[in-house]
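Chain by chain, the residues:
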Amino acid sequence: MATTAVGQPLSRVDARRKVTGTATYSAEHRIEGLLYGVIVNGTVARGTVSRISVDAALGHPGVLHVLTDFGKLQLAHPVDRLAFYGQPIAVVVAETLEAATHGASLVEATYERQDAVTDFDDPDIPSQTPEDEPDYSRGDPAGALASAQVKVDLELTSARENHNPIELPSTIARWQDGRLTLWDKTQWSQGAARTVAGALGIAVTDVRVHNEFLGGGFGSGIQTYDHVVLAAFAAREVNRPVKVVLTRRQFYYGTGFRPASRHRMALGSTAAGRVSALVYEVRIENARYRTYTDGLTDLPKFLYGVPNTSTAYRITPIDVHSPASMRGPGVVLGNFALETAMDQLAHELAVDPVELRLRNEPTQDEVSQLPFSTRKLRECYETGARRFGWSRRRAKPGSRTDGDLLIGMGMATASYHNNRRDSSARARIHADGTAEVFAASADMGPGTTTSVMQVAADALGLPASAVTFRLGDSSYPTAPLHAAACTMASVGSAAHTTCHALKAEFIRRAVADPNSPLHGANPADVQVRDGQLETSGARDTYRDILRRAGLPSLDITGNWGPGDADSRISTYGYGAVFAEVSVDPLLGLVRVRRIFAAYDVGRVISPKLAHSQAIGGMVGGIGMALLEGTVTDHRDGRIVNASLADYLVPVNADVLDLDAAFINTEDPQADPIGVKGLGEITIVGVAPAIGNAVFNATGKRLTDLPIRPEALL
């Protein structure tokens, strides 16, 4: 297909607005008559509020209301008892944020406490098998593992992680004539509208959600949490608009998190490096009131051609807030267990880690028995190894030094399912020749506004500068959640399909119009470039077609969905991640010197934005590997390090040299624009690559994330 915009390294179309401060985020909208709401959080993990005193708060200047009765709300957790530390028990509404904040500090509560468990390693709490994650088995994994010539059997752990985007969860709620408008930091405006409507008992058609700009998300804005519902509830109760913005500390126990996990990964192999058995058992923390699962077992049972495989997924319900998706949900943890074990197996066999993976490449998806749509993983290995300089790696751990530092190289495979979901778009061409495309999607940072615009521009035959993609409004055509790496494949495909339909409508009108230079032409022969329709030397334009019809614009709404594609093909993105680290053996400090990754993610719409996505994923992977871990005081369930002063995330000094390349491929079987999701896969593989590099540097196989200095001393 001829393109002019797709494949070009364009800068973000909204970049200037963001860097000059003219982009308006959820909490920044100026709404007449706005009040401020501050949530009061409970301080026990399990129990009930026996008494709550609000008199002192109401007596504080500027405080107008203190709402404590949430009995009519339908929330994700019980409202008549406390299910986790930090559960909202009141909302203080005031004329100023300062008055509301101080008023919240004056609310006093007395509790009837019940015994609570917030440590999911507590042996008295039984684990459960979730309904949507049944045990899986093919072949005879136990027998094959017992008879294997070489075995690896590892126990691995990961700490809980919290999302930490710069923009805090924030909502403004306003009621007018029985209808609710929300300005909310959400990754799914239509999902938020449904959740809030259900919580308040109103029709979803009476809720409109705006979310044009998001200051990061990483999954924290997929679900609609209490603060959004309570902002809407408070605004209705006080009959004025109300803004609620969580503090950083409230963020840690007011939204979800990546759950802590415990793994057993066992591999059995022939002496020639053919993996014959895989046994994977994993357990994650959960809330008592709600079951959360994600794809921890997906890659272990899929990634390599292992004839004898079993997986078992367990959850342990305790008295905590429910976990939630975080970048690379589930997959990133299952991949850590698998790729760490594969590296250990390569060491036991004295085989290069890349070579071991190549020896176990499958010919089809062994879970679904379906053919791969595309699988350019071999090319990822080759490109990554060459660009990274993998041939300089020394197989013997601890044999390479730089002064007093130990130097190591490690690698890991990455993969993520190519999620595509039903989506819609509306495309419109105006009388001046410019175009707009609308969809209720979001852009939390990957550049969706730009990349969908590029697809639309090529489909319409217009220059990129003439096309605007509008998103961030639940009233726009249906779009899926802005997560799971599904936005470009879904919304982009809907925009592509709809814009082609609109272009075809203009062509139909031109060839049917006796006053058009294209009258009587074969529509199939008409090409559109820069807004001009032409064939055999005759030309017409979008502008002239609208002028002759007396129309200010023409628009079409269209739909796209994957249909039954997933029943015919197995479509995944793939990558190979290479890392080099230095380890100070006296201090136990690990520093990432460089990371390079090569990806097969189908057609790359915007190389500049794709590279930025890859770098961002690598930064998140560095945090997972070396820094991030949420600490809970199990006496009451309080998060101890609920601030950016105490919860460690990578900074510029931690990300010295990060780079990525993309294999030249596309996946036309998966979707009409040939893309595969990029947002999630870029964090997958980073943590095990770093851990494997630490092993190569030190000879110590570390299986607990994050890797802490004391583990290396």
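Anything mentioned here points back to the structure above.
So, here is what we can say about the structure in this document.

**Brief notes about the sheet that holds strand β16 (residues 405–417)**
And then number 1: As summarised here, the arrangement of the 5 strands in space is β15-β16-β24-β25-β28, forming an open sheet in which the pairing is mixed. Edge positions in the sheet fall to β15 (401–402) and β28 (658–662), since each has one partner strand and no second.
And then number 2: Judged from the 2 bridges that link them, β15 and β16 form a sheet pairing that is antiparallel. Bridge pairing in β16 places Thr401 opposite Leu406.
And then number 3: Its contacts with the sheet place helix α15 (residues 607–627) against β25 (589–600) and β28, and it is angled at close to 130 degrees to β28.
And then number 4: Its contacts with the sheet put helix α16 (residues 686–698) on β16, β24 (572–584) and β25, and the angle it makes with β16 is roughly 155 degrees.

**Regarding the pairing of strand β1 (residues 35–41)**
On any regular strand, side chains alternate: one points to one face of the sheet, the next to the other face.
And then number 1: The element β1 is largely enclosed, with a buried count of 6 among its 7 residues.
And then number 2: Inspection of the sheet shows β1 paired to strand β11 (residues 242–245) by 3 bridges, in the parallel sense. Bridging across to β11, Tyr36 finds its partner in Lys243.
And then number 3: In the sheet, β1 pairs with strand β4 (residues 88–94) via 6 bridges, with the strands oriented antiparallel. Directly across from Asn41, in β4, lies its bridge partner Pro88.

**Overview of a nonpolar patch on the surface**
And then number 1: A surface patch of nonpolar side chains, about 270 Å² in accessible area, is lined by Ile166, Leu644 and Val649.
And then number 2: Along the chain, Val649 turns up in the loop between β27 (638–639) and β28.

**Some points on the sheet that holds strand β20 (residues 527–529)**
And then number 1: In space, the 3 strands of this open sheet follow the order β20-β21-β22, with antiparallel pairing throughout. Of all the strands in the sheet, just β20 and β22 (538–541) have a single pairing partner and so form its edges. Averaged over all pairs of adjacent strands, the angle between strand axes in this sheet comes to 30 degrees, irrespective of strand direction.
And then number 2: Note: strand β21 (residues 532–535) against β22, 4 bridges, orientation antiparallel. Counterpart to Thr535 in the pairing with β22 is Ala538.
And then number 3: Strands in contact with helix α14 (residues 542–549) are β20, β21 and β22; relative to β22, the strand with the most contacts, it is inclined by about 65 degrees.

**Examining helix α6 (residues 226–238)**
The periodicity of an α-helix, 3.6 residues per turn, causes residues three or four positions apart to be oriented the same way.
And then number 1: For α6, built from 13 residues, the straight-helix expectation of 18 Å at 1.5 Å per residue is met to within 8% by its first-to-last C-alpha distance of 18 Å.
And then number 2: In terms of residue burial, α6 counts as a mostly covered element, since 11 of its 13 residues are buried.
And then number 3: Considered for burial, the residues of α6 that qualify are Asp226, His227, Val228, Val229, Leu230, Ala231, Ala232, Phe233, Ala234, Ala235 and Val238.
And then number 4: Positive backbone phi, at 60 degrees, marks Asn239, one or two positions downstream of α6.

**Things to note about the packing of helix α12 (residues 448–460) against helix α13 (residues 487–512)**
And then number 1: Look at α12 against α13: their axes get within 8 Å of each other, and the N-to-C directions meet at 30 degrees. Taken together, the axes of α12 and α13 lie roughly parallel to each other. As α12 runs across α13, the sense of the crossing is right-handed. Residue-level inspection shows Thr448, Ser451, Val452, Val455, Ala456, Ala459 and Leu460 of α12 in contact with α13, the latter providing Thr487, Met488, Val491, Gly492, Ala495, His496, Cys499, His500, Leu502 and Lys503.
And then number 2: Of the residues assigned to the contact of α12 with α13, the class counts are 10 nonpolar, 6 polar and 1 charged.

Cut-offs used in this document
Residues numbered from 1 in each chain as written. Predicted model: local features only at pLDDT ≥ 70, side-chain atom pairs only at ≥ 80, totals over all residues. Heavy atoms only, no water. Pairing = 2+ DSSP bridges. Helix = DSSP H or I, 4+ residues; strand = E, 2+ residues; numbered from the N terminus. Contact = heavy atoms within 4.5 Å. Axes fitted to C-alpha atoms, helices over the stretch in contact; angles between N-to-C directions. Buried < 20%, exposed > 50% of the residue type's maximum accessible area, 1.4 Å probe, protein only. Patch = residues over 30% accessible without salt bridge, like charges linked within 9 Å, V, L, I, M, F, W, Y side chains within 5 Å. Areas by Shrake-Rupley, 256 points an atom, 1.4 Å probe, with all protein chains shown as cover. Salt bridge = Lys/Arg side-chain N within 4 Å of Asp/Glu carboxyl O. Expected span 1.5 Å × (residues − 1). Parallel < 35°, antiparallel > 145°, perpendicular 65-115°, else oblique. Left-handed = near helix turned anticlockwise from the far one by under 90°. Nonpolar A, V, L, I, M, F, W, Y, C, P; charged D, E, K, R; others polar.

In short, shape yes, function no, at least from these values alone.
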